Amino acid sequence: MTDIILNTTPLPHLLTLLILLPLAGVAMMAFVKEETAVKHVAFWTAALEFILSLPLYLWFDPATHRMQFGEVVQWISIPPVRYAVGIDGISLWLVLLTTLLMPICVVCSWTAITSRVREFMITLLVMETTLVGVFCSLNFVLFYVFWEAMLIPMYLLIGVWGGPHRIYAAIKFFLYTLAGSLLLLVSIIVLYFQGGHTFDILVLSRAHYGETLQAWLFWAFFIAFAVKVPMFPFHTWLPDAHVEAPTAGSVILASILLKMGAYGFLRFSLPMLPDAVGRFKPVILALSVIAILYGAYMALAQSDFKKLIAYSSVSHMGFVTLGIFVLNTQGVEGALLQMLNHGITTGGLFLCVGLIYERTHSRILADNGGLSKPMPRYATCLVILALSSLGLPGTNSFIGEFLVLVGSFLYSKAIAVVAALGVILAAVYLLWMVQRVAFGATTEKTARVTDLNWCEMSTLAPLIVLVFWIGVFPNPFLKPMHASIAHVFTTMARGEQAHSTLDLPRPPQTPSHPPAPTPPRRSLFPAHPPAPSLPRQALGPLDASLPVGALNTVPSVLP
């Protein structure tokens, strides 16, 4: 409980309210018959959810790493499971991004969805509940319930309201993510038995595990989260899912669902498995660089507007995983900011694809040329979002990618140089797309299209405001994450120090000559000072009988 600040704000049970409010909107739809009324209920529920989430930022204390707005209630007695929710600087922006995008998704579906409207709006609101729950959960059982529940509404969005090949895409998405989720479940059970018979995420983050166990858990976590990101080579479900999903489904998938994997790396892999992270990070960095270049090259080869943006997501999320695993402050903060930036920019680009598809009924770039004349407002929004996606200075993505590249340069100059090629390739495929769609020759399909109306502009305007706000004045977005990310590194350093302290000593030997002095053990995280000695409650079950501080006197056998 020392790591959780209970909610004492004027809004009691604020996080629980944010989790359950969309379900209240679903219940209200049972008493509404007309489709227009159903849409209004969905919109005002999502809008109220966003308004209620704003105090999370206004009342957030950026000076502490502790979980804020916490709520802890006993849920299940045996095994001990608590309903525990809270947010820190890592999860704050992901919750706010979710609540911002959901009313936008309702509005963009206002005319695009014409069949089973009630069921569609219910699916969106249930999806919002699961997403907010994932980012707020502080108990592994609660986290896993929301993590798995998210599969159902996303499967329905693709499989029911998707394109001609929607069943294939939906099943492929479901099987990939379910396979990763099963490995996550096994890892949670192992952590329960090895971490002190608790599902408390914060307690398990302070526990210490052997090198072999860390290695197995790392790869199980890696597959579960890499499928969600998705990292190369687990990305093959993503283009199919994006192409077949409706516009709202593509926005949610790209802007929020992909962030769940990166969030898992930051919340679980880094603090719980520091030795395995340091051991295997070269592999992850290599896969991240491959994803950056591979996604960019595949985007260059696309003639389908939506598939081009889908492959660009693979490339941009490669920057996120690269920043996380260079293991320095600049890289991780850049990765977290880039998660927010990608949700804003790529979500806006998918909205642009949906808006033009409603008019021309085609996603082929060659069919959608010359839109700057008949649709000047649309062309302006498209150019701004494309320039943001390629990282133009003054836009949001520049800040995130710059921090990631700085962190990569501090780790390895070669990796930074190769990753920077992804920025160049992004400029190539995005400018090529803009040239054809906005300034190319007008086609038969685009000759008589109408420009965006005020309702459609309202879906893009908030995202464009954020593009320039973050690009010009990023400090309000970076400040809340400083303490939380610093605590992640402190937890990793403490775990590494405890692991080296708990190593068994060699049997005593009588040397024939004076032994050479033992060089100091090199830390994986030299930029951070050594952590204080372990408190008694952090010791494992086998160490509980030893006096406090006794473990600090056991010599290390590692050079």
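It should be noted that the structure appears before, not after, this text.
All values reported here derive from a predicted model rather than from experimental measurement.

Residues and numbers for the overall build of the protein, please.
A count of helices and strands for the protein gives 20 helices and three strands. For the protein, restricting intrachain contacts to residue pairs at least 6 apart in sequence, the fraction spanning at least 24 positions comes to 81%. Taken as a whole, the protein presents about 22,400 Å² of accessible surface, with 68% of it coming from carbon and sulfur.

Lay out the packing of helix H6 (residues 151–161) against helix H7 (residues 166–194) in plain terms, naming residues and giving numbers.
At their nearest, the axes of H6 and H7 sit 7 Å apart, and the two run at 160° to each other. When the axes of H6 and H7 are compared, the pair comes out roughly antiparallel. You can see that H6 and H7 cross each other, and the crossing is right-handed. Residues Leu151, Met154, Tyr155, Ile158, Gly159 and Val160 of H6 form the contact with H7, whose participating residues are Arg166, Ile167, Ala169, Ala170, Ile171, Phe173, Phe174, Thr177, Leu178 and Ser181.

I'd like a description of a nonpolar patch on the surface, backed by residues and values.
Together, Val465, Phe468, Trp469, Val472 and Phe473 give the surface a local cluster of nonpolar side chains, amounting to about 520 Å² of exposed area. Assignment of secondary structure puts Phe468 in helix H18 (residues 454–472). On the accessibility criterion, Phe468 (38% relative accessible area) is partly exposed.

An account of helix H14 (residues 329–360) is needed here, citing residue identities and associated values.
With 32 residues, H14 extends 46 Å from end C-alpha to end C-alpha; this agrees with the ideal 46 Å at 1.5 Å per step. Among the 32 residues in H14, 28 count as buried, and that is most of the element. Phi turns positive, to about 55°, at His361, one or two residues after H14.

Go over the packing of aromatic side chains, please, and point to the residues and values.
Tallying each qualifying case throughout the model produces 29 aromatic pairs. Ring plane angle 70° and centroid distance 5.5 Å describe the contact between Tyr155 and Phe174, whose orientation is recorded as edge-to-face. Of this pair, Tyr155 sits in helix H6 while Phe174 is found in helix H7, placing the two residues 19 residues apart along the sequence. Sitting over the ring of Tyr357, Arg363 keeps its end group 5.4 Å from the ring centre. One Lys or Arg, Lys413, reaches over the ring of Phe409 and ends 5.1 Å from the middle of that ring.

I'd like to hear about the sheet that holds strand E3 (residues 81–87), residue by residue, with values.
Read from one edge of the open sheet, three strands run E1-E2-E3, paired in mixed fashion. Among the strands making up the open sheet, the edge pair consists of strand E1 (4–6) and E3. Strand after strand, the sheet turns through a mean of 50° between neighbouring axes, direction not considered. Relative to strand E2 (residues 67–76), E1 is paired through two bridges, and the arrangement is parallel. Residue pairing for E2: Leu6 is matched across the bridge by Gly70. Here helix H1 (residues 14–29) sits on the sheet in contact with E2 and E3, set at roughly 100° to E3.

Let's hear about unusual backbone geometry: which residues, and what values?
The residue after Ile78, namely Pro79, is reached through a cis peptide bond having omega -10°. Locating Pro79 in the fold gives a position in the loop between E2 and E3. The step from Phe232 to Pro233 runs through a cis peptide bond, and the omega angle for that step is 5°. Tracing the backbone through its elements, the reader meets Pro233 in the loop between helix H9 (211–228) and helix H10 (237–244). Phi is positive for Phe69, which is not a glycine, with a value near 60°. Following the sequence through the fold, Phe69 ends up in strand E2. Even without being a glycine, His197 presents a positive backbone phi close to 55°. Within the fold, His197 resides in the loop between H7 and helix H8 (201–206).

Scoring rules and cut-offs
- Residues numbered from 1 in each chain as written.
- Predicted model: local features only at pLDDT ≥ 70, side-chain atom pairs only at ≥ 80, totals over all residues.
- Heavy atoms only, no water.
- Helix = DSSP H or I, 4+ residues; strand = E, 2+ residues; numbered from the N terminus.
- Contact = heavy atoms within 4.5 Å.
- Areas by Shrake-Rupley, 256 points an atom, 1.4 Å probe, with all protein chains shown as cover.
- Axes fitted to C-alpha atoms, helices over the stretch in contact; angles between N-to-C directions.
- Parallel < 35°, antiparallel > 145°, perpendicular 65-115°, else oblique.
- Left-handed = near helix turned anticlockwise from the far one by under 90°.
- Patch = residues over 30% accessible without salt bridge, like charges linked within 9 Å, V, L, I, M, F, W, Y side chains within 5 Å.
- Salt bridge = Lys/Arg side-chain N within 4 Å of Asp/Glu carboxyl O.
- Buried < 20%, exposed > 50% of the residue type's maximum accessible area, 1.4 Å probe, protein only.
- Expected span 1.5 Å × (residues − 1).
- Phe/Tyr/Trp six-rings, centres within 6.5 Å; stacked < 30°, edge-to-face > 60°.
- Lys NZ or Arg CZ within 6 Å of the ring centre and 35° of its normal.
- Pairing = 2+ DSSP bridges.

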